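Commentary on secondary and tertiary structure
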Amino acid sequence: MNGVEMGLIDRLFGASRPAATAPLYTAILAEGRAPHWYLAGAVPDTMDGRFDMIAAILALVLLRLEDDPASAAASAELTEQFIEDMDGQLRESGIGDVGIGKYVGQMMSMLGGRLGAYRAALASGELAPALRRNLYRGTDPGDQAIAYAAGQVLALRDRLAELDSATILAGTIR
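Rules used in this analysis
- Residues numbered from 1 in each chain as written.
- Predicted model: local features only at pLDDT ≥ 70, side-chain atom pairs only at ≥ 80, totals over all residues.
- Heavy atoms only, no water.
- Helix = DSSP H or I, 4+ residues; strand = E, 2+ residues; numbered from the N terminus.
- Buried < 20%, exposed > 50% of the residue type's maximum accessible area, 1.4 Å probe, protein only.
- Contact = heavy atoms within 4.5 Å.
- Salt bridge = Lys/Arg side-chain N within 4 Å of Asp/Glu carboxyl O.
- Expected span 1.5 Å × (residues − 1).
- Arc of directions from axis to C-beta.

Examining the overall build of the protein
Of regular secondary structure, the protein possesses nine helices and zero strands. Each helix and strand of the protein, placed in order from N terminus to C terminus, yields the pattern α-α-α-α-α-α-α-α-α. The burial tally for the protein puts 40% of its 174 residues in the buried class. A sequence separation of at least 24 residues applies to 62% of the contacts in the protein between residues at least 6 apart.

As structure tokens, this is what we get:
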């Protein structure tokens, strides 16, 4: 059997192999859960706040990987991991099969919106409005928290820009 056939059989019978981007997704989760975002950055430490923070970090990584056409497949795999993770989180929170598709679709739409918002904000140099809308969901955490979050987002963007795609895909984002 070839690799494609084995992948299909694995999916059908529940056997799974770790995704090649698993170390990167783990690093994204770790960065998105870092306490400084919630303390100094005043991101709400709620289910929605954690989703927004992880989506922001994921968006920054995906935007960086857009610069390397050879990373397109890895970007798609990373997005699939995000979907699977969010599906699992929703199930753990008690949402049943009937509602999962709707919520996952909304989350994917939110991720797509964030990609566009952060891409435009980073290009314009005006990050605060995008953060207020996407990281704080329209609430005002105060200028100090916005400045902190913006500084940290820009620092992460700059760190990612210094790394080659292979290093990022291996899970090094700090």
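Picking up after the structure, the text goes on.
Some thoughts on the pattern of salt bridges
In this structure the tally under the stated criterion is eight salt bridges. Across the salt bridge formed by Asp-45 and Arg-50, the nearest N and O atoms sit 3.0 Å from each other. Given a relative accessible area of 55%, Asp-45 falls into the exposed group. The class for Arg-50 is partly exposed, based on a relative accessible area of 33%. Shared partners join several salt bridges into a network, and the residues in it are Asp-48, Asp-52, Arg-114 and Arg-137.

Let's talk about helix H8 (residues 143-162)
With 20 residues, H8 should reach 28 Å at 1.5 Å per residue; the first-to-last C-alpha distance of 29 Å fits that figure. Residues of H8 that are buried: Ala-145, Ile-146, Ala-149, Ala-150, Val-153, Leu-156 and Leu-160. Down the axis of H8, the sector holding all buried residues measures 130°, keeping them to one side. When the buried face of H8 is taken as reference, the exposed residues oriented beyond 90 degrees from it are Asp-143, Gln-144, Ala-147, Ala-161 and Glu-162.

Describing the environment of Met-108
Relative to the assigned elements, Met-108 resides in helix H6 (residues 97-124). On the accessibility criterion, Met-108 (24% relative accessible area) is partly exposed. When the C-alpha positions of Met-108 and Ile-83 are compared, they lie 7.5 Å apart, and in sequence the two are 25 residues distant. Sequence-distant contacts of Met-108, defined by excluding residues within four places in its chain, comprise Thr-79, Phe-82 and Ile-83.

Details of the environment of Asp-52
Inspection of the secondary structure puts Asp-52 in helix H4 (residues 47-65). Residues in contact with Asp-52, not counting those within four places in the same chain, are Met-110, Arg-114, Asn-134, Leu-135 and Arg-137.

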